[in-house]
Amino acid sequence: MLSIDSLRVTYGGAVEAVRGVSMEVRDGSVVAVLGSNGAGKSTLLRTISGTLRLHRGRVDEGTVRFEDTDLTRRDAGQIVRRGVVQVPEGRRIFGRLTVEENLRAGGMGNRDRAAKARAVTRVHDLFPVLRERAGQRAGLLSGGEQQMLAIGRALMASPKLLLLDEPSLGLAPRVIGQIGEVVAEINRQGTAVLLVEQNATMALGVADHAYVLDVGRVSLAGDARELAQTDEVQRLYLGHTGEAGPAQRTEQASRRTLSRWTA
Amino acid sequence: MTQFLSLLLNGISLGAIYALIALGFVIIFKASEVVSFTHGSLLLLGAYTMARLADPIGFLPAVLVGIVVTALAAFLIERLVINRLRGAPVISLAIVTIGVDIILLTELIRRIGPDILNVPHPWGGDSVRIGGVGISENRLIAMGVAGVLIIAFFVAFKYSSWGVAMRASAEDGEAAALMGIRQGRVSALAWIVAGVLAAVAALFLVGAPTPGVSAAAYTVALRAFPAAILGGLDSTGGALVGGLLIGITEAMAAGYQDQLSFLGRGFGEVAPYVVMIIVLLVRPSGLFGTKELTRV
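Residues numbered from 1 in each chain as written. Chains lettered and ligands numbered in written order. Predicted model: local features only at pLDDT ≥ 70, side-chain atom pairs only at ≥ 80, totals over all residues.

- Under an unreviewed UniProt entry, the name given to chain B is Branched-chain amino acid transport system permease protein, and the source organism is Geodermatophilus saharensis.
- Under Subcellular location (unreviewed entry), UniProt gives the following word-for-word description of chain B: "Cell membrane".
- Chain B has a UniProt comment under Sequence similarities (unreviewed entry) that states "Belongs to the binding-protein-dependent transport system permease family. LivHM subfamily." (UniProt positions renumbered as here; feature names shortened; annotations may be inferred.)

- Checking UniProt for chain A, the heading Sequence similarities (unreviewed entry) contains the comment "Belongs to the ABC transporter superfamily."

Pasting the structure below:
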């Protein structure tokens, strides 16, 4: 359904953030993209959702195709109308608007009234708290509730593909678990999900397929469960140290610090 | 006491006109992140169109054409200039609007020349007395019309899709874009609304007790700037309160000028700016300007 082909993106014509990335999201699947800060995860999502220009970024090579259309040169509004909707990093809810108005804003790209009504029901069923707090200013919700609202707001556009940018950021572990369940449920209802995360445990738990990005390139790709077993992912993202004990780890860490000083 | 009430009433009616202009100023700022200095000349354009056309096509058609012309001019400024400079620093945009304002103003002044054009309001220059308090009919009607427009504006701003889209994109443009809200459209509409409000304000500003349409109407329009700024540039409610405050201040300062003679004659004209400076010294973001309301 979504296919990205050898994508290269630069900012300000100089900084190369994504260097030849190809990936695929199949119909009805959940795909996770892992990577540390600066790996190019957010750039990838901006390219798909058409907001790259707001950050002075440019696609130099490659294409992003969704179903039968090329999204590469389209603007954000057109992309939303085609059914690709992004939940931005850091939630970015409209804090001065009420919860209900946030959802209304989310449905602006959705011209079909019946679809909009179905979307409201779906969102309220997924997140009953949003119904209870409908008239409250969104800025007064807790962090977890704000993330629910951000997801709910995106669902108002009835997306076929939902893009999530680090939904677990800054949330308590229990809430992160809930987010994982919500993502799984949204997918069960027929929406494909592209999940960008630093929290690999949650992401690999819900994803079918996963990619690991490293400074703008895909360094690993494969089935999510298999990927979770590989040494590299275990060490980098799941916090397992293999045979190395805590003592050795500290030593390694200090050595790394030292080498930085001498370099 | 009667004098006080009379000045208060006149101040409120003048303030209602200022509030219309200030509202336009504020929504342009919210939608396009531009401090628009084009308002003075837009207002003069509206007044000039009405004055020129009133004779050949009649008062009411002239008013309607004046409103359309002003809204269209605002729309074109947004499309041809502001929209193309999106992402430019706020300061550059503000200076660009000053440039547009000067071009438009120069042309209008050339056309008006030394004359004072007259908009033949059917209600004329008569005054009415309400319980001993005198006010010109023009100002009384202005107060009513402005009241209706302001209420309509706030209802639309609160409940219409345009209002929600506008507030959402004012708060976080990128997030709004991700929801499929077209900022270009929101911004263009804001300029159109601001143009309409300015033209309506113009209609009443050039009526009694003001003599008519002359280059001086431009300076009157400028007093809506302190109204918008002291209310808080991004607050529509602030524009309303600011407009009224400036209107009342101006009327009071002019009315009591004999008692205020130590400040010199004509203090009424500078009083709005003095009030603005005092308010900003105490509250730098204006009376109702944004204070962050978030829980982290």
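1. Brief notes about the overall build of chain B
Then, number 1: Along its length, chain B carries twelve helices and two strands.
Then, number 2: Counting helices and strands in the order they occur from the N terminus, chain B gives α-α-α-α-β-β-α-α-α-α-α-α-α-α.
Then, number 3: Based on the C-alpha atoms only, the size of chain B along its principal axes is roughly 55 × 50 × 35 Å.
Then, number 4: Going through the 296 residues of chain B one by one, you find that 48% of them count as buried.
Then, number 5: Relative to all contacts within chain B whose residues are 6 or more apart in sequence, the contacts with residues 24 or more apart total 76%. (Helix = DSSP H or I, 4+ residues; strand = E, 2+ residues; numbered from the N terminus. Buried ≥ 20, exposed ≤ 12 C-beta atoms within 10 Å, placed from the backbone. Contact = placed C-beta atoms within 7 Å.)

2. So, the interface of chain A and chain B
Then, number 1: Facing the 25 residues of chain A at the interface are 19 residues of chain B.
Then, number 2: Secondary-structure elements contributing two or more residues to the side of chain A that touches chain B are helix 2 (76–82) and helix 3 (99–106) of chain A.
Then, number 3: For the side of chain A that touches chain B, the residue count by class is ten nonpolar, eight polar and seven charged. (Nonpolar A, V, L, I, M, F, W, Y, C, P; charged D, E, K, R; others polar.)

3. Some words on the pairing of strand 2 (residues 133–136) of chain B
Residues and elements named next belong to chain B.
Then, number 1: Across four bridges, the pairing between strand 1 (residues 127–130) and strand 2 is antiparallel. The partner of S127 across the bridge, within strand 2, is S136.
Then, number 2: Between strand 1 and strand 2, which pair antiparallel one after the other, the connecting turn spans two residues, and G131 there sits at a positive phi close to 55 degrees. (Pairing = 2+ DSSP bridges.)

4. Regarding the packing of helix 1 (residues 2–32) of chain B against helix 10 (residues 224–231) of chain B
Residue and element names in this part refer to chain B.
Then, number 1: Packing of helix 1 against helix 10 brings their axes to within 8 Å, and their N-to-C directions diverge by 60 degrees. Classified by the interaxial angle, the pair formed by helix 1 and helix 10 is oblique. Of the two elements, helix 1 crosses helix 10, and the hand of that crossing is right-handed. Residues Y18, A19, I21, A22, F25 and V26 of helix 1 form the contact with helix 10, whose own contacting residues are A224, A227, A228 and G231.
Then, number 2: When its residues are assigned to classes, the contact of helix 1 with helix 10 shows nine nonpolar, one polar and no charged. (Axes fitted to C-alpha atoms, helices over the stretch in contact; angles between N-to-C directions. Parallel < 35°, antiparallel > 145°, perpendicular 65-115°, else oblique. Left-handed = near helix turned anticlockwise from the far one by under 90°.)

5. So, the sheet that holds strand 3 (residues 30–34) of chain A
Hydrogen bonding along the main chain pairs the strands of a sheet, whether they run parallel or antiparallel.
Residue and element names in this part refer to chain A.
Then, number 1: Taken together, the six strands give an open sheet; going across it, the order is 6-7-8-3-9-10, and neighbouring strands pair in mixed fashion. The sheet is open, and its two borders are formed by strand 6 (84–87) and strand 10 (217–223), each paired with just one other strand. Direction aside, the axes of adjacent strands within the sheet are offset by 15 degrees on average.
Then, number 2: Here helix 1 (residues 41–49) sits on the sheet in contact with strand 3, strand 6, strand 7 (161–165), strand 8 (192–197) and strand 9 (209–214), set at roughly 150 degrees to strand 7.
Then, number 3: Where helix 7 (residues 173–188) meets the sheet, its contacts fall on strand 3, strand 7 and strand 8, and the angle it forms with strand 8 comes to roughly 155 degrees.

6. Some points on the confidence of the model for chain A
Then, number 1: Overall, the predicted model of chain A reaches an average pLDDT of 86, with 90% of residues at or above 70.
Then, number 2: Considering only residues more than four positions removed or in separate chains, one finds that residues 242–263 of chain A, a stretch of pLDDT under 50, has four contacts. (pLDDT = per-residue confidence, 0-100.)

7. Quick word on the UniProt feature "transmembrane region" (unreviewed entry) in chain B
Residue and element names in this part refer to chain B.
Then, number 1: Within this numbering scheme, the UniProt entry marks residues 6–27, 57–77, 89–109, 140–157, 188–206 and 262–282 as carrying the feature "transmembrane region" (unreviewed entry).
Then, number 2: End-to-end, the C-alpha atoms of residues 188–206 are 27 Å apart, and along that stretch the chain is 95% helix and 0% strand.
Then, number 3: As annotated, residues 262–282 has a helix share of 76% and a strand share of 0%, and its two end C-alpha atoms lie 26 Å apart.

8. Let's talk about helix 3 of chain A
Then, number 1: The buried fraction of helix 3 of chain A is high, at seven of eight residues.
Then, number 2: Residues of helix 3 of chain A that are buried: V99(A), E101(A), N102(A), L103(A), R104(A), A105(A) and G106(A).
Then, number 3: Against the buried residues of helix 3 of chain A lie helix 4 (113–126), helix 5 (128–132) and helix 6 (143–155) of chain A together with helix 6 (161–171) and helix 7 (173–178) of chain B.

9. Some details on the environment of V123(A)
All names here are of chain A.
Then, number 1: Within the fold, V123 resides in helix 4.
Then, number 2: C-beta crowding within 10 Å serves as the criterion here: with 23 such atoms nearby, V123 is assigned to the buried category.
Then, number 3: Linking V123 and M148, residues 25 residues apart in sequence, is a C-alpha distance of 9.2 Å.
Then, number 4: Ignoring anything within four residues of it in the chain, the contact list for V123 reads L103, L130, G152, L155 and M156.

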